[in-house]
Amino acid sequence: MKPLTYEHRIQLLALAAGLPGSLIAILLLCFGDYSSQTAWTLTVLIIIFWLGFAFSLRHRVVFSLQILSNLLAAMREEDFSIRARGARSDDALGEVMIEVNALSETLREQRLGALEAAALLRTVIEEIDVAIFTFDNSHTLKLVNRAGERLLARPAERLLGFTAAELGLAGCLEGESARTAELSFPGGVGRWGLRRGSFRQDGLPHDLIVLSDLSRTLREEERQAWQRLIRVLGHELNNSLAPIQSVAQSMESNLKRVQIDELSSARTDTVLDDLRQGLAIIRSRTEALSRFMAAYARLARLPQPTLAPVNLGELVRRVAELETGVRVQVVEGPAVTISADRDQLEQLLINLIRNAAEAVRETGGEVLVKWLLERSRVQLSIFDDGPGLSNTTNLFVPFFTTKPGGSGIGLVLCRQIAEAHGGSLTLENRQECRGCEARFIMNVS
């Protein structure tokens, strides 16, 4: 037997509610002092009103529920334009209608925001100069942007539905999720930055592949590096070759006069002195050029650090004792053992302390070295009370120096050593007083 529907239950309850009163009225009419015509007429009227009110109640309840059903069905189909009319806040059904209308408006606003965000995301994906691919759990391509189309030299219609192996992207779904690789595609060959991620759509796992062309960026960086190198080398070579050329021309002129004229002994001695002075200048400039090239070679061939446990306090004290011309005060910090290359770290400290000592040598000041431990990082600071830095922009530019006779590679070498140890090096003027601070930070093993 099928269970009764909600409408039938409402109908039966309405009939049951009116049954006692109607039955009593009919019995009173039958056993009362009424004519048969009157009794039958009133009985028919009672039954008609009883059934009419019962069916009207059923219709009223069912109609209200059908309105709610239609509103919810429209929401499910993402049609948020339908509203319930005549909703009032002074009855229970009206409150339900008001809340349903408010829910529909909220969903409409959220849907509009989601559509706008999705449209923006699609626009960004299409316009960005990075190839983007998404694959489902069977490695079938589900989405590709314009950069991906150019990379594979085919429109999206001829790419969607193909597997990663058929598109030549199977290797991108394997190996490390973030790496650089030499890859060849119909639309480009070179070095690519690969990023792979995962997400879920419709409850199924998907893979996201992002390929960015690094060749153009690397070529631009290489071009700029060559330009800087040529600029530096050209400047240094011109500084050495110009005086050498001038001195050589002067020496050649003197030799010609010696060959043409019969000079006196004093005159000959003067010419010989000029020749000796010219040769000394040539020797000095060639030695300076040789030192410059040796310094550049040293900067370019810094080896990878050989890590070993190093007692930082002991190393700082030993390096501080090497500086004899200026007082170097070491403020003892916590006992720290770091994993570092002792020789390279010692060279870094020697350069920094020597720079600080040279800054205070003329003023008679002192150098202060201290370190502290913050969580898993050690910070070593070297303070001086010298005149400070007038130009902090080019401090770490190779071969830039403000010291007479300086090579301009000391700070660059120090920064390379710091970064090779996973740390950082900064040099800036002190805020509270005159002088500057060199700050070296690295992780503690």
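Cut-offs applied
By convention here, each chain's residues receive numbers from 1 onward along its written sequence. With the structure being a predicted model, the display of local features is reserved for residues of pLDDT at least 70 and the display and counting of side-chain atom pairs for 80 or more, all residues being used for whole-chain, interface and lining totals. For the side-chain quantities, the full set of heavy atoms in the structure was used; hydrogens and water were omitted. Each helix is a run of DSSP H or I of at least 4 residues and each strand a run of E of at least 2, with the numbering of both proceeding from the N terminus. Think of it in three bands: residues with accessible area under 20% of the maximum for their type are buried, residues over 50% are exposed, and the middle band is partly exposed, with areas taken using a 1.4 Å probe on protein chains only. Contacts: residue pairs with any heavy atoms within 4.5 Å of one another. Convention adopted: a line fitted to C-alpha atoms gives each axis, helices being fitted over their contacting stretch, and angles between N-to-C directions are expressed from 0 to 180 degrees. Here the angle decides the label: under 35 degrees means roughly parallel, over 145 means roughly antiparallel, 65 to 115 means roughly perpendicular, and every other value means oblique. In this scheme, a crossing is called left-handed if the near helix is turned counterclockwise away from the far one by less than a right angle; it is called right-handed if the turn is clockwise. Side-chain classes follow a simple rule in which Ala, Val, Leu, Ile, Met, Phe, Trp, Tyr, Cys and Pro form the nonpolar group, Asp, Glu, Lys and Arg form the charged group, and the remainder, Gly included, forms the polar group. Here, strands pair whenever DSSP counts at least two bridges between them. A patch consists of residues whose relative accessible area exceeds 30% and which take part in no salt bridge; residues with like charges are grouped when within 9 Å of each other, and nonpolar side chains (Val, Leu, Ile, Met, Phe, Trp, Tyr) when within 5 Å. Residue-level accessible areas treat just the shown protein chains as cover; the underlying method is Shrake-Rupley with a 1.4 Å probe. Each salt bridge in this description consists of a side-chain nitrogen of Lys or Arg and a carboxyl oxygen of Asp or Glu lying within 4 Å of one another. Take the buried residues of types Ala, Val, Leu, Ile, Met, Phe, Trp, Tyr and Cys, join any two whose side-chain atoms come within 4.5 Å, and each joined set is a nonpolar core.

Brief notes about the environment of C436
Point 1. With respect to the helices and strands, the residue C436 is situated in strand β12 (residues 436-443).
Point 2. Looking at C436, the relative accessible area reads 10%, which means it is buried.
Point 3. Separated by 47 residues in sequence, C436 and L389 have C-alpha atoms that sit 6.9 Å apart.

Quick look at the environment of V326
Point 1. For V326, the position within the fold is in the loop between α8 (312-322) and β7 (328-331).
Point 2. Residues V326 and R361 lie 35 residues apart in sequence; the distance between their C-alpha atoms is 6.5 Å.
Point 3. Once you skip the residues sitting within four places of it in the chain, V326 turns out to touch A357, V360, R361, G365, E366 and V367.

Quick notes on the packing of α8 against helix α9 (residues 342-360)
Point 1. At their nearest, the axes of α8 and α9 sit 10 Å apart, and the two run at 45° to each other. Of the possible angle classes, the one that applies to α8 and α9 is oblique. As α8 packs across α9, the resulting crossing turns out to be right-handed. Contacts between α8 and α9 involve L315, V316, R318, V319, A320 and L322 from the first element and R342, L345, E346, L349, I350 and I353 from the second.
Point 2. Classifying every residue of the contact of α8 with α9 by side-chain character gives nine nonpolar, no polar and three charged.

Points about the sheet that holds strand β5 (residues 204-213)
Sheet strands associate in pairs through backbone hydrogen bonding, adopting either a parallel or an antiparallel arrangement.
Point 1. If you walk across this open sheet you meet the five strands as β2-β1-β5-β4-β3, and the pairing is antiparallel. Looking along the sheet, the strands with just one partner apiece sit at the ends: β2 (141-144) and β3 (178-185). The sheet shows a mean angle of 30° between the axes of neighbouring strands, taken without regard to direction.
Point 2. Relative to β5, strand β1 (residues 131-135) is paired through five bridges, and the arrangement is antiparallel. The partner of A131 across the bridge, within β5, is L211.

Thoughts on a nonpolar patch on the surface
Point 1. A cluster of nonpolar side chains, namely L19, L23, L27 and F31, defines an oily patch on the protein surface of about 430 Å² accessible area.
Point 2. Note on placement: L23 falls in helix α1 (residues 6-31).
Point 3. Taking the relative accessible area as the measure of exposure, L23 reaches 46% and is therefore partly exposed.

Side note on the nonpolar core
Point 1. Among the nonpolar cores identified, the biggest contains 37 residues, and I338, V367, L380 and I382 are the most heavily contacted of them.
Point 2. Of all the secondary structure elements, the ones that give two or more residues to this core are α8, β8 (337-340), α9, β9 (367-374), β10 (377-384), α10 (410-420), β11 (424-429) and β12.
Point 3. The element best represented in this core is α9, accounting for nine residues.
Point 4. When residues no more than four places from it in sequence are discounted, the contact partners of V367 are V326, R327, V328, Q329, A356, A357, V360, I382 and F383.
Point 5. Ranked by size, the runner-up nonpolar core spans 20 residues in total, among them L141, A147, L152 and F185.

No statement about biological role is implied by the geometric values presented.
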